Amino acid sequence: MFAKAFRVKSNTAIKGSDRRKLRADVTAAFPTLGTDQASELIPGKEELNVVKLYAHKGDAVTVYMSGGNPILFELEKNLYPTVYTLWSYPDLLPAFTTWPLVLDKLVGGADLMLPGVVVPPTGLPEVQQGDLCAIALVGNRAPVAIGVAAMSTAQMLASGLKGKGFSVLHTYQDHLWKSGDKSSPPAIAPLAVNPTDSNEEKVDLSLQGNLSCLTLEGEEENRKVHHPEASEDTSSGAQSQDCVDGKPLQEQMDELLHQCFLHALKSRVKKADLPLLTSTLLGSHMFSCCPKGQQLDIKKSSYKKLSKFLQHMQQEQIVQIKELSKGVESIVAVDWRHPRITSFVIPEPSLTSQTVQEGSREQPYHPPDIKSLYCVPANMTQLFQESGHKKGNALEGSEVRRIIIDYAKKNNLVDADNRNLVKLDPILCDCILEKNEQHVVMKLPWDCLLTRCLQNMQPAYQVTFPGQEPILKKGKLCPIDITLAQKACNKKVTVVRNLETYGLDPCSVAAALQLRCQASTIVSPAPGAKDSLQVQIQGNQIHHLGQLLLAGVIDWSLVTRGNYLVCERPAE
């Protein structure tokens, strides 16, 4: 729709009443978007413009701009998110995956044909004909296009993945995207999946050489890229994952959700804790009540959202929920005499589950050994050469002190009248004195001498991971940096940097945080840092992130790759 330039008819600031109506329309159009998220997307006070335009084919479109970016567009009274919005809320729509080389075709105005769809191990998302869907590329969940499903998932599989799959409305790099800040898609880690049965290995995803099957609507699509039996295997494989031990996974997740909820109320939440933020109930209490080896994921339950689950608990008169501040819900009362709480038996820790969880780690957790070092600079080589050290050699602070003390004593520089002072010879003067001090300062106390020597040396550090050779790096050791930032659309995000130094894989930490905080995460290049990534978590998650790093509670059953180490922030 926006493959070619459009014509702008008007651009005006939105009215207060229209802003509230738009927020209500967004909530109705996208039920998976919570109240808080809808308020973040359509902020109450930030600048929000309404742009009316005509697409190159004559369609009348209304675009909503926030923070300089288009966030939504309306066509024939239907609301659609832009890629800018989907990068902040990547789970807003069911997502299908295609190959990176296909993107140029989509940007050029092509629809997405089914032979270009990659079937993941978990199978295709369940959609109906006419449903709005997101389209992402292999290896990155950040959507690059949105489109309308031309058929249901069942029809797609029945067709052998042939024919038109999606009518594409908007893409990354089209003219609607160019009306914003023209930022690139962030790197969002694919969702972790469990290993599937061997039948799924039969799926032929070798589409790289068959991109000619992706054509404009009406062109030929006669190239076969999927074996019929592979589609059957993929379908059956996906169905097998919906049921474990004869019980549907959704039913199992519902039971686990109720168990963690009742466990938290009975053993962790006290009357003095009320009112209690619902997000705190989940992050600080319910997750810690989850049995070892199991994963609490509300999105896999029948409730889908915490707010909906708590509404059911309120209907059962177990808890009372109120919105004490705008868009933020809290538990204000708990009926601890309710039969469901009094009859609930706190489960005993399972030795088997603990054994399974421990066995899932590639190796026991051991923190790295980190040493602060000092490299000998060129102007201090004479001071250290008597001890056998050359320019660039890295020394520990204690070793530097010993060398300087030995040098002073060997050269009779300790003041005879006051042994707390050291006389400065020409070598020490060149090493530690400023030009204006050269003929003024003749003696220094021991502590001042040692401090100046260390300050004039080049900082370095050595990191030794268990079972690995030490790694020497020059420069100051950067601590894990956690900051709370506020974006132009008035939403808060938590950003964490410098994970790689401590052996933490940003993509895998993001996956663990996504489940722990029940919030979307984005991994992107860290500004001003070479070959370094940062993790961005939606909302204020400093408390949860601090607990995760300091207490070493990364769930190894959720995170299956990378070399994980949890380190306290070094003292500055």
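Residues numbered from 1 in each chain as written. Predicted model: local features only at pLDDT ≥ 70, side-chain atom pairs only at ≥ 80, totals over all residues. Heavy atoms only, no water.

The chain appears in an unreviewed UniProt entry as Eukaryotic translation initiation factor 2D from Cricetulus griseus. Under Sequence similarities (unreviewed entry), UniProt gives the following word-for-word description of the chain: "Belongs to the eIF2D family." Quoted verbatim from the Subcellular location (unreviewed entry) field of UniProt, the annotation for the chain is "Cytoplasm". (UniProt positions renumbered as here; feature names shortened; annotations may be inferred.)

Draft legend 1. Region of the structure containing the overall build of the chain. Scanning the chain from terminus to terminus reveals 18 helices and 26 strands. Considering the chain as a whole, with its 572 residues, one finds that 45% of them fall into the buried category. Counting contacts in the chain only where the partners sit at least 6 residues apart, residues at least 24 apart contribute 61% of the total. About 29300 Å² of surface is accessible on the chain, with carbon and sulfur atoms providing 50% of the total. (Helix = DSSP H or I, 4+ residues; strand = E, 2+ residues; numbered from the N terminus. Buried < 20%, exposed > 50% of the residue type's maximum accessible area, 1.4 Å probe, protein only. Contact = heavy atoms within 4.5 Å. Areas by Shrake-Rupley, 256 points an atom, 1.4 Å probe, with all protein chains shown as cover.)

Draft legend 2. Structural view of the sheet that holds strand β17 (residues 369-375). An order of β18-β17-β21-β22 is seen for the four strands of this open sheet, with the pairing classed as antiparallel. Edge positions in the sheet fall to β18 (394-396) and β22 (471-474), since each of these pairs with one other strand and no more. In this sheet, adjacent strand axes meet at a mean angle of 35° when their direction is disregarded. The pairing of β17 with β18 spans three bridges and is classified as antiparallel. Pairing of L373 across the sheet is with E396, part of β18. Set on the sheet, helix α14 (residues 397-410) makes contact with β17 and β18; between it and β18 the angle comes to about 90°. (Pairing = 2+ DSSP bridges. Axes fitted to C-alpha atoms, helices over the stretch in contact; angles between N-to-C directions.)

Draft legend 3. Inspection of the side chain of D111 at higher detail. Relative to the assigned elements, D111 resides in the loop between α4 (103-107) and β7 (112-113). Accessibility expressed as a relative area gives 10% for D111, which makes it buried. Among the polar contacts listed, one links the side chain of D111 to the backbone nitrogen of V168, at a separation of 3.0 Å. (Polar contact = N/O pair within 3.5 Å; in protein donor to acceptor, adjacent residues only side chain to side chain.)

Draft legend 4. Broad picture of helix α1 (residues 16-29). Taking 1.5 Å per residue, 14 residues should reach 20 Å; α1 reaches 20 Å between its end C-alpha atoms and fits that length. Among the residues of α1, R19, L22, R23 and V26 are the ones counted as buried. All buried residues of α1 project into a common sector of 100° when viewed along the axis, lining one side. Exposed and oriented more than 90 degrees from the buried face of α1 are R20, K21 and A28. On its buried side, α1 packs onto α2 (35-41), β2 (48-54), β3 (60-66), β4 (69-75) and β5 (78-81). (Expected span 1.5 Å × (residues − 1). Arc of directions from axis to C-beta.)

Draft legend 5. Quick peek at the nonpolar core. Among the nonpolar cores identified, the biggest contains 32 residues, and L22, V26, F30, L72 and F73 are the most heavily contacted of them. At the level of elements, α1, α2, β2, β3, β4, β5 and β9 (132-137) are the ones that each hand at least two residues to this core. Core analysis: the next-biggest nonpolar cluster, separate from the first, contains 31 residues, L256, V269, C290 and I298 among them. (Core = buried A, V, L, I, M, F, W, Y, C linked by side-chain atoms within 4.5 Å.)

Draft legend 6. Local environment of the sheet that holds β3. Within the open sheet, the five strands sit side by side as β1-β2-β3-β4-β5. Their pairing is antiparallel. Only two strands of the sheet have a single neighbouring strand rather than two, namely β1 (7-13) and β5. For this sheet, the mean angle separating the axes of adjacent strands, direction not counted, is 25°. Pairing of β1 with β2 involves six bridges; the strand directions are antiparallel. Bridging from a neighbouring strand, A13 pairs with N49 of β2. Packed onto the sheet, α1 meets β2, β3, β4 and β5 and runs at close to 80° relative to β5.

Draft legend 7. Structural context of the state of the cysteines. Tallying each qualifying case throughout the model produces zero disulfides. As a non-bridged cysteine, C290 has C260 as the owner of its nearest cysteine sulfur, 4.5 Å distant. Left without a disulfide partner, C448 is nearest to the cysteine sulfur of C453, which lies 9.6 Å away. (Disulfide = S-S within 2.5 Å.)

Draft legend 8. Highlighting the pattern of salt bridges. Throughout the structure, instances matching the rule amount to 11 salt bridges. Between D25 and K21 there is a salt bridge, with the nearest N and O atoms lying 3.0 Å from each other. Of this pair, D25 and K21 both sit in helix α1, four residues apart, roughly one helical turn. Linking R340 and E316 is a salt bridge whose minimum nitrogen-to-oxygen distance equals 3.0 Å. In this pair, R340 is assigned in helix α11 (residues 339-342) and E316 in the loop between α10 (306-315) and β15 (319-325), connecting sequence segments 24 residues apart. Classification of R340 by relative accessible area gives partly exposed; the value is 25%. Look at E316 and you get partly exposed, because its relative accessible area is 33%. (Salt bridge = Lys/Arg side-chain N within 4 Å of Asp/Glu carboxyl O.)

Draft legend 9. Molecular detail of the pairing of β9. Across the six residues of β9, six count as buried, placing the element largely inside the fold. Where strand β6 (residues 95-98) and β9 come together, four bridges link them in parallel fashion. Across the sheet, T98 pairs through a bridge with L137, a residue of β9. As paired elements, β9 and strand β10 (residues 140-149) share six bridges and run antiparallel to each other.

Draft legend 10. Unusual backbone geometry, seen in detail. In this model, L274 is joined to P275 through a cis peptide bond whose omega is -5°. Tracing the backbone shows P275 in the loop between α8 (249-267) and β14 (276-277). For K77, which is not a glycine, the phi torsion comes out positive at approximately 65°. Looking at the secondary structure, you find K77 in the loop between β4 and β5. One non-glycine residue, N412, lies in the positive phi region at around 55°. Tracing the backbone shows N412 in the loop between α14 and β19 (421-423). A relative accessible area of 59% places N412 in the exposed class.

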